[in-house]
Amino acid sequence: MTAGTLFQSLRGRLKAQAPLAARSWFRSGGAADWLFVPQDAEDLASALRQCPPDMPVTVLGACSNVIIRDGGLPGLTIRLAGGFAGIEADGDGLITGAAALDSSVAETAAQAGMSGFAFLSTIPGSIGGAVCMNAGAYGGDMSTLLDWVDILTHEGTLQRLPASALNMQYRHSSLPEGSIVLRARLKACEEEDPAAIQQKMQEMRASREASQPLRARTGGSTFRNPEGHKAWELIDAAGCRGLRHGGAQISEKHCNFMLNTGNATSTELEELGETVRARVLDKSGISLHWEIKRLGRPLPSAPSL
């Protein structure tokens with residue numbers, strides 16, 4: 001099936017069988033059936049309205065917290081780029097595009113003397129993903145900042161939702177099924193001296209650098225912290241620090257991080273994660289839940305001989 005058969009009059013870039021591994025922080029995974037980079041919200045809405053009802057739609061941001069499975073992503077994959085990365089001052093807050101990097105938003109807020117954004121400087125993702133998963137670190141999360149969010153529904157309709165409609169909880173937001181975050185308004189907690197905010201961000205980044213394997217092929221925190229527990233402590237107690245499976249490894253430095261040591265497949269990464277979950281459950285009786293999103297099709301299993 002050709003692009004012309006599926007979609008017409010799109011202004012953005014549409015590519016079939018587009019490799020995705022290079023976009024993922026793990027540097028693994030298969031191709032997208034169709035990869036679309038829209039020019040603007042109207043272009044994106046047009047693509048959504050033309051999608052067959054049974055076509056899966058996946059949105060990729062910075063790809064810092066995902067495993068793209070080796071069989072690739074079915075249907076339409078959307079990557080929001082430059083046109084969705086704007087950051088502008090708006091009274092006591094900022095209006096940010098979904099593709100704006102969390103660290104860039106933190107820097108903009110710091111320069112304007114807006115407090116409450118500093119934790120974003122340590123999160124290697126974009127605002128769209130941060131809203132979807134209520135991203136947080138160092139005692140802050142998106143629920144403390146979010147005022148409203150503009151979304152496109154699966155049918156291509158624009159809606160503005162107040163933060164209260166998202167029922168934001170630990171690493172979770174209740175966005176409408178199939179919706180895509182376009183932009184968000186983030187409000188400052190209060191005014192603060194820009195130099196003091198910069199100092200706070202430097203301390204957070206230094207702490208992160210000292211405790212996490214930032215210079216490796218990784219995907220951030222692998223599992224959510226169960227209530228009353230720290231995932232890394234449970235993983236360590238289960239004897240999984242440094243555990244390997246093919247080219248995948250649990251970090252020695254921070255064992256809630258998985259690493260691609262050079263040639264890991266997404267299958268190996270996911271299987272390693274499931275091994276860790278099983279060992280933690282066996283040791284502690286606690287079931288870890290993935291924080292990393294695992295997207296797409298696994299490769300078919302090889303036939304047994």
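Residues numbered from 1 in each chain as written. Predicted model: local features only at pLDDT ≥ 70, side-chain atom pairs only at ≥ 80, totals over all residues. Heavy atoms only, no water.

Going by the annotation in an unreviewed UniProt entry, the name recorded for the protein chain is UDP-N-acetylenolpyruvoylglucosamine reductase, with Bombella pluederhausensis given as the source organism. For the protein chain, the Subcellular location (unreviewed entry) comment in UniProt is given as "Cytoplasm". Turning to the protein chain, the UniProt record has this under Pathway (unreviewed entry): "Cell wall biogenesis; peptidoglycan biosynthesis." (UniProt positions renumbered as here; feature names shortened; annotations may be inferred.)

Novice: Requested: an account of the environment of I197, with residues and values cited.
Specialist: Examined against the element boundaries, I197 turns out to sit in helix α5 (residues 194-211). Sequence separation between I197 and N65 is 132 residues, and the spatial gap between their C-alpha atoms is 26 Å. In this structure I197 touches A110, G113, M114, S115 and E192, once residues within four positions along its chain are discounted. (Helix = DSSP H or I, 4+ residues; strand = E, 2+ residues; numbered from the N terminus. Contact = heavy atoms within 4.5 Å.)

Novice: Outline the side chain of D102, supporting the account with residue identities and numerical values.
Specialist: With respect to the element layout, D102 can be found in helix α3 (residues 102-111). Lacking a salt bridge, the buried D102 has R208 as its closest oppositely charged neighbour, with an N-O distance of 9.2 Å. Ignoring any residue separated from it by four or fewer positions in sequence, one finds D102 in contact with L120, I123, G125, S126, I127 and A130. (Buried < 20%, exposed > 50% of the residue type's maximum accessible area, 1.4 Å probe, protein only. Lys, Arg positive; Asp, Glu negative; His and termini not counted. Salt bridge = Lys/Arg side-chain N within 4 Å of Asp/Glu carboxyl O.)

Novice: Go over the UniProt feature "active site" (unreviewed entry) in the protein chain, please, and point to the residues and values.
Specialist: Under the local residue numbering, the UniProt record ascribes the feature "active site" (unreviewed entry) to R171, S221 and E291. Despite a sequence span of 121 residues, these residues sit close together in the fold, their greatest C-alpha distance being 11.4 Å. Those residues in contact with R171, other than ones at most four positions away along the chain, are M133, N134, A135, G136, A137, R224 and E291. Reaching out from R171, the side chain makes a polar contact with the backbone oxygen of N134 at a distance of 3.4 Å. (Polar contact = N/O pair within 3.5 Å; in protein donor to acceptor, adjacent residues only side chain to side chain.)

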